[in-house]
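Observations on chain architecture
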Amino acid sequence: MNDNSPELDVDKSIREAEDARELARVWVANQQLAVVFDETLWDDPAAWGIFLADFMRHIRDAYVDRHGSPPEEVMKRIGEGLRAELASAEA
């Protein structure tokens, strides 16, 4: 990521892929999450669940690589945060 830009760099493999498609963009602004996504991508909402599970694994792997954290502990903490947020009044 460029320190002067709020945008993340796009991986070279994505730029070169003919079938790459952007799914979503996510920001934190004014201490709130802002999201835009292609809601037409999949007909079955379960596909978004698969996407979220895969995304969670990518986050886990990044924490393991960066902090040397045990993968099970990272996934446990992600799950705890997810369950807490889903249980909140705003979910």
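Residues numbered from 1 in each chain as written. Predicted model: local features only at pLDDT ≥ 70, side-chain atom pairs only at ≥ 80, totals over all residues. Heavy atoms only, no water.

1. Overview of the overall build of the protein
Here is the rule we go by: In this text, helices come from DSSP runs of H or I with a minimum length of four residues, and strands from runs of E with a minimum of two, each type numbered from the N-terminal end. Think of it in three bands: residues with accessible area under 20% of the maximum for their type are buried, residues over 50% are exposed, and the middle band is partly exposed, with areas taken using a 1.4 Å probe on protein chains only. Residues are treated as being in contact if the distance between any of their heavy atoms lies within 4.5 Å. Note on areas: Shrake-Rupley with a 1.4 Å probe; residue coverage comes only from the protein chains shown. Here the positive residues are Lys and Arg and the negative ones are Asp and Glu; neither His nor the chain ends is included. One atom stands in for each charge, and that atom is NZ of Lys, CZ of Arg, CG of Asp or CD of Glu.
Broken down by element type, the protein carries three helices and two strands. Reading the protein from its N end, one meets helices and strands in the order α-β-β-α-α. The principal-axis extents of the C-alpha atoms in the protein amount to approximately 35 × 35 × 30 Å. Per-residue burial for the protein yields a buried fraction of 9% across its 91 residues. Within the protein, contacts between residues at least 6 apart in sequence are counted, and of these 6% link residues at least 24 apart. Roughly 8,200 Å² of accessible area belongs to the protein as shown, and the carbon and sulfur atoms make up 53% of that amount. Looking at the protein, you have 10 positive and 20 negative side-chain charges, and the mean spots of the two groups are 5 Å apart.

2. Quick word on the pattern of salt bridges
Rules: Put simply, a salt bridge is a Lys or Arg side-chain nitrogen that is within 4 Å of an Asp or Glu carboxyl oxygen.
For the structure shown, the criterion picks out six salt bridges. A salt bridge links E22 to R25, with the nearest nitrogen and oxygen atoms 2.7 Å apart. Classification of E22 by relative accessible area gives partly exposed; the value is 48%.

3. Quick word on the pairing of strand β1 (residues 24-29)
For clarity, the cut-off: Pairing between two strands requires that DSSP report at least two bridges joining them.
In terms of strand pairing, β1 meets strand β2 (residues 32-37) through six bridges, oriented antiparallel. Each residue of the ladder has a partner; that of A29, found in β2, is Q32. Here β1 hands over to β2 after two residues, with N30 in that stretch at a positive phi of 55 degrees.

4. Observations regarding a nonpolar patch on the surface
We count it as follows: What goes into a patch is any residue over 30% in relative accessible area without a salt bridge, connected to like charges within 9 Å or, for nonpolar side chains (Val, Leu, Ile, Met, Phe, Trp, Tyr), within 5 Å.
On the surface, V26, V28, L33, V35 and F37 cluster together into a nonpolar patch covering about 510 Å² of accessible area. Broken down by element, the residue count for the nonpolar patch peaks at three residues, all from β2. Given a relative accessible area of 52%, V26 falls into the exposed group.

5. Focus: the confidence of the model for the protein
We apply this condition: Confidence scores labelled pLDDT are given residue by residue by the predictor and lie between 0 and 100.
Per-residue confidence for the protein gives a mean pLDDT of 91, with 92% of residues at or over 70. The secondary structure element of the protein with the lowest average pLDDT is helix α1 (residues 12-16), at 90, and the one with the highest is helix α2 (residues 46-67), at 96.

6. Quick word on the packing of aromatic side chains
As a reminder of what qualifies: Stacked, edge-to-face and tilted labels apply to pairs of Phe, Tyr and Trp rings (six-membered ring for Trp) whose centres lie within 6.5 Å, assigned for plane angles under 30 degrees, over 60, and everything in between, in that order.
The final tally for this structure, using the stated rule, is four aromatic pairs. With 4.7 Å between their ring centres and 70 degrees between their planes, W42 and W48 make a pair best called edge-to-face. Taking relative accessible area as the criterion, W42 reaches 31% and is therefore assigned partly exposed. Note on W48: relative accessible area 17%, which makes it buried. For the pair W48 and F51, a centre-to-centre distance of 5.6 Å together with 85 degrees between the ring planes defines the contact as edge-to-face. Taken as a pair, W48 and F51 lie in helix α2 at a separation of three residues, close to a single helical turn. Grouped by ring-pair contacts, the aromatic residues F37, W42, W48, F51 and F55 constitute a single cluster.

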